[in-house]
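In case you want the letters, here they are:
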Amino acid sequence: MLIKEVMDRTQLSKKAIRYYEDCGLFQTNRSENGYKDYSPENVERLMAVRNLRDLGFSIEEIRDYFASDDKKAAVLSGKLNDLENKLSFITKQSPSFYP
């Protein structure tokens, strides 16, 4: 599929899609006419990237997330730990707002 359809399906800009490809988060092939050909797997990957970015994951964390199941677990555990630490810090700063 062409990038316009990928943009419609993922709600990502052309610039973001190309950036994520440049970062090595997914790879495309070229069709006979020279256009990049995006697969359904590329769309799934881009939707996952979008969701992870929305949750505050860095490009490096996302790259590790997709590298292997072991790394995926480590990335998720690390992000959860970071968020728990931030929440703890916030609640200590403003104890009257949190029971």
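Right above here is the structure, for reference.
Residues numbered from 1 in each chain as written. Predicted model: local features only at pLDDT ≥ 70, side-chain atom pairs only at ≥ 80, totals over all residues. Heavy atoms only, no water.

Novice: If you had to explain the packing of aromatic side chains to someone new, which residues and values would you point to?
Specialist: Under the defined criterion, the tally for this structure stands at three aromatic pairs. A centroid spacing of 5.8 Å and a plane angle of 55° characterise the contact between Y19 and Y20, whose relative ring orientation is tilted. Taking the ring centre of F66 as reference, the NZ or CZ of R45 above it sits at 3.7 Å. (Phe/Tyr/Trp six-rings, centres within 6.5 Å; stacked < 30°, edge-to-face > 60°. Lys NZ or Arg CZ within 6 Å of the ring centre and 35° of its normal.)

Novice: Quick one: what's the story with the nonpolar core, residue by residue and with numbers?
Specialist: Counting 20 residues, the largest nonpolar core has V6, I17, Y20, L25, Y38 and L46 as the members making the most contacts within it. Within the residue set of this core, elements represented by two or more residues are helix 1 (3–10), helix 2 (14–22), helix 3 (40–54) and helix 4 (59–67). Ranked by residue count, the leading element in this core is helix 3, at four residues. Once residues within four sequence positions are removed from consideration, L46 is found in contact with V6, T10, L12, I17, Y20 and F26. (Core = buried A, V, L, I, M, F, W, Y, C linked by side-chain atoms within 4.5 Å. Buried < 20%, exposed > 50% of the residue type's maximum accessible area, 1.4 Å probe, protein only. Helix = DSSP H or I, 4+ residues; strand = E, 2+ residues; numbered from the N terminus. Contact = heavy atoms within 4.5 Å.)

Novice: Can you lay out the packing of helix 1 against helix 2 for me, pointing to particular residues and giving the numbers?
Specialist: Running from amino to carboxyl end, helix 1 crosses helix 2 at an angle of 100°, the nearest separation of the two axes being 10 Å. When the interaxial angle is binned, helix 1 and helix 2 end up roughly perpendicular. Counting all contacts with helix 1, which are made through I3, V6, M7 and T10, the residues of helix 2 involved are K14, I17 and R18. In terms of residue class, the contact of helix 1 with helix 2 is built from four nonpolar, one polar and two charged. (Axes fitted to C-alpha atoms, helices over the stretch in contact; angles between N-to-C directions. Parallel < 35°, antiparallel > 145°, perpendicular 65-115°, else oblique. Nonpolar A, V, L, I, M, F, W, Y, C, P; charged D, E, K, R; others polar.)

Novice: I'd like to hear about the pattern of salt bridges, residue by residue, with values.
Specialist: On inspection of all chains with the given rule, the structure shows four salt bridges. Here D8 and K4 are joined by a salt bridge, their closest N and O atoms 3.6 Å apart. Of the two residues, D8 and K4 both sit in helix 1, four residues apart, roughly one turn of that helix. Accessibility expressed as a relative area gives 45% for D8, which makes it partly exposed. K4 gets classed as exposed once you look at its relative accessible area, which sits at 53%. (Salt bridge = Lys/Arg side-chain N within 4 Å of Asp/Glu carboxyl O.)

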